[in-house]
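Chains, contacts and geometry: an overview
Chain residues, written in single-letter form:
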Amino acid sequence: MNILYIHFHGLSDEGLYRHLLALLAEYTPLVQALPPDAALADVSGSLRYFGTDAAALAERIRARTGGLYGLHSTVGIAANPLLARMVAADGPPSAVRVLPDDLDAVTAFLAGKPPAALHGVGPATSRLLASYGLDSIGKITTAPLGTLQRILGATAGRRLQEAAQGLDPTPVVPLAPPRSISAEHRFDQDELDRDRQRAALLALTDRLGLQLRAEAQVAHTLALTVRYADRSTTTRTRTLREPTAHTRSLTALAHELHDRLALQRARVRALSLRAEGLIGAELASCQLAFDPADEKARLIEAVSDRARSRFGSGAVLPAGASRGVA
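**Section: the overall build of the chain**
A tally of helices and strands in the chain yields 12 helices and 10 strands. A total of 326 residues make up the chain; the buried ones form 44% of that total. Element-wise, carbon and sulfur atoms account for 53% of the exposed surface of the chain, whose accessible area totals about 17300 Å².

**Brief notes about the packing of helix α8 (residues 145-152) against helix α9 (residues 154-164)**
Their axes nearest at 7 Å, the elements α8 and α9 cross at an angle of 130 degrees. Put simply, α8 runs oblique to α9. The way α8 lies across α9 gives a crossing that is right-handed. Residue-level inspection shows Leu 145, Leu 148, Gln 149 and Leu 152 of α8 in contact with α9, the latter providing Ala 154, Ala 156, Gly 157, Arg 158, Leu 160 and Gln 161. Among the residues making up the contact of α8 with α9, the classes are represented as 6 nonpolar, 3 polar and 1 charged.

**Comments concerning unusual backbone geometry**
With phi around 75 degrees, Arg 231 is a residue other than glycine that occupies positive phi space. Relative to the assigned elements, Arg 231 resides in the loop between β7 (217-228) and β8 (233-244). Judged by its relative accessible area of 67%, Arg 231 falls in the exposed class. A positive phi is found at Ala 262, a non-glycine position, where the angle reads about 50 degrees. Mapped onto the fold, Ala 262 is located in the loop between α11 (247-261) and β9 (268-276). A residue is classified by how much of its surface remains accessible, and Ala 262, at 46% relative accessible area, is partly exposed.

**So, the environment of Leu 128**
Here Leu 128 lies in helix α6 (residues 123-131). Under the relative-accessibility criterion, Leu 128 is labelled partly exposed at 34%. Expressed as a C-alpha distance, the spacing of Leu 128 and Leu 152, which sit 24 residues apart in the sequence, is 8.8 Å. With residues near it in sequence (within four places) discarded, Leu 128 still touches Ile 151 and Leu 152.

**Quick look at the pairing of β8**
On a regular strand, one side chain projects to one face of the sheet and the next to the other, so that they alternate. Examined bridge by bridge, β7 and β8 share 8 bridges and lie antiparallel to one another. Bridging across to β8, Thr 221 finds its partner in Thr 239. Connecting β7 to the antiparallel partner β8 that follows it, the hairpin turn spans 4 residues, and Arg 231 within it adopts a positive phi of roughly 75 degrees.

**So, the packing of helix α4 (residues 81-88) against helix α5 (residues 103-111)**
It is the contact of α4 with α5, at a shortest axis distance of 12 Å, that shows an interaxial angle of 55 degrees. As far as their axial angle goes, α5 and α4 are oblique. Handedness of the α4/α5 crossing: left-handed. Of the residues in α5, those touching α4 at Leu 83, Met 86 and Val 87 are Val 106, Phe 109 and Leu 110. Taken together, the residues of the contact of α4 with α5 sort by class into 6 nonpolar, no polar and no charged.

**Quick notes on the environment of Ile 6**
Mapped onto the elements of the fold, Ile 6 is located in strand β1 (residues 3-8). Sequence spacing of Ile 6 and Ala 39 is 33 residues, and the spatial spacing of their C-alpha atoms is 5.4 Å. With sequence-adjacent residues up to four places away left out, Ile 6 is seen in contact with Leu 24, Asp 37, Ala 38, Ala 39, Ala 41, Ser 73, Thr 74 and Val 75.

**A look at helix α3 (residues 54-69)**
Taking 1.5 Å as the rise per residue, α3 with 16 residues should run 22 Å; its terminal C-alpha atoms sit 22 Å apart, in good agreement. Those residues of α3 that fall on the buried side of the exposure criterion are Ala 54, Leu 57, Ala 58, Ile 61, Arg 62 and Thr 65. What you see down the axis of α3 is that its buried residues fit within an arc of 140 degrees, all on one side. Relative to its buried face, α3 has exposed residues pointing more than 90 degrees away, namely Ala 63 and Gly 67. Looking at the buried residues of α3, the elements they touch are β1, α1 (14-25), α2 (47-50), β4 (73-78) and β5 (96-98). Residue Gly 70 follows α3 closely and has a positive phi angle near 70 degrees.

**Looking at the sheet that holds strand β2 (residues 31-34)**
With mixed pairing, 5 strands are arranged side by side in an open sheet as β2-β3-β1-β4-β5. Strands at the two margins of the open sheet, each flanked by one partner only, are β2 and β5. This sheet shows a mean twist of 15 degrees between the axes of neighbouring strands, independent of strand direction. Sheet topology places β1 next to strand β3 (residues 38-42); 5 bridges connect them, and they run antiparallel. In the sheet register, Ile 3 faces β3, and the bridge partner there is Asp 42. On top of the sheet, α1 reaches β1, β2 and β3; it is set at about 160 degrees to β2, its chief contact. Along the sheet, α3 makes contact with β1, β4 and β5, crossing β4 at roughly 165 degrees.

Rules behind the numbers
- Residues numbered from 1 in each chain as written.
- Predicted model: local features only at pLDDT ≥ 70, side-chain atom pairs only at ≥ 80, totals over all residues.
- Heavy atoms only, no water.
- Helix = DSSP H or I, 4+ residues; strand = E, 2+ residues; numbered from the N terminus.
- Buried < 20%, exposed > 50% of the residue type's maximum accessible area, 1.4 Å probe, protein only.
- Areas by Shrake-Rupley, 256 points an atom, 1.4 Å probe, with all protein chains shown as cover.
- Axes fitted to C-alpha atoms, helices over the stretch in contact; angles between N-to-C directions.
- Parallel < 35°, antiparallel > 145°, perpendicular 65-115°, else oblique.
- Left-handed = near helix turned anticlockwise from the far one by under 90°.
- Contact = heavy atoms within 4.5 Å.
- Nonpolar A, V, L, I, M, F, W, Y, C, P; charged D, E, K, R; others polar.
- Pairing = 2+ DSSP bridges.
- Expected span 1.5 Å × (residues − 1).
- Arc of directions from axis to C-beta.

So, in structure tokens, the structure goes:
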């Protein structure tokens, strides 16, 4: 049980995230980035060197990240990445939780949990399994493999059965986070109004588009994270039709992601957008578009960028955008 899943709470700064990964690398070379705010670490080869066990090493990491950066973190410790993720989520934040590498302990830990607790099992799969009476991990473990394969398909059924038994052969692979940039808008009070939320998204895409164009970068993917009044979050990610730094395209996708969440009654505390999969603009292929409105928007965008470069980022703002973007 030497796999650590570390979740840093309230982390939204990419530069700070890289510092945290570097800190983890002081304890083990096997650190896998899970952006924007988590990581996996295999400390199997480090325990003898540090003369301690995994739980004590995790407490040391939490103390250092808290002391150096003021961040709270939760660490799950288990025999593999799947179980480490799950045990980290099994309780209140800001703690170190350990799942013993014992078959009976693992079975008892998993038995009553819903299928959605397994990493990679989404709402649609959970509903499908529930329609067959498989509404807990314990019930999935007792179902014949053939039944699971008829429901989900041969490969997915086998993977689900293995996960329900707490098996995960995935190694921790040293991996740096992909290049991304992000921006966040925090509301002065929990926001219910859809138009104000959309105005905040416009300000965020304007900020991201400006930064991308200034750095001659384009984004493949856009991720929207909504933080609610109870501090829970929802994240939705979608790939753009083509890599872009065009604010109009970023805004259209951000509004589409927002609409799909159907937040009519949700009390929203903050919205953040992250542009991911960045590459140099000169490397991106663009489809020709014979759209006069789009061409006009790009010309206005170029003029606006020149004005901001000369007079500051606040010199020009899109109509209807909210101020206060972090």
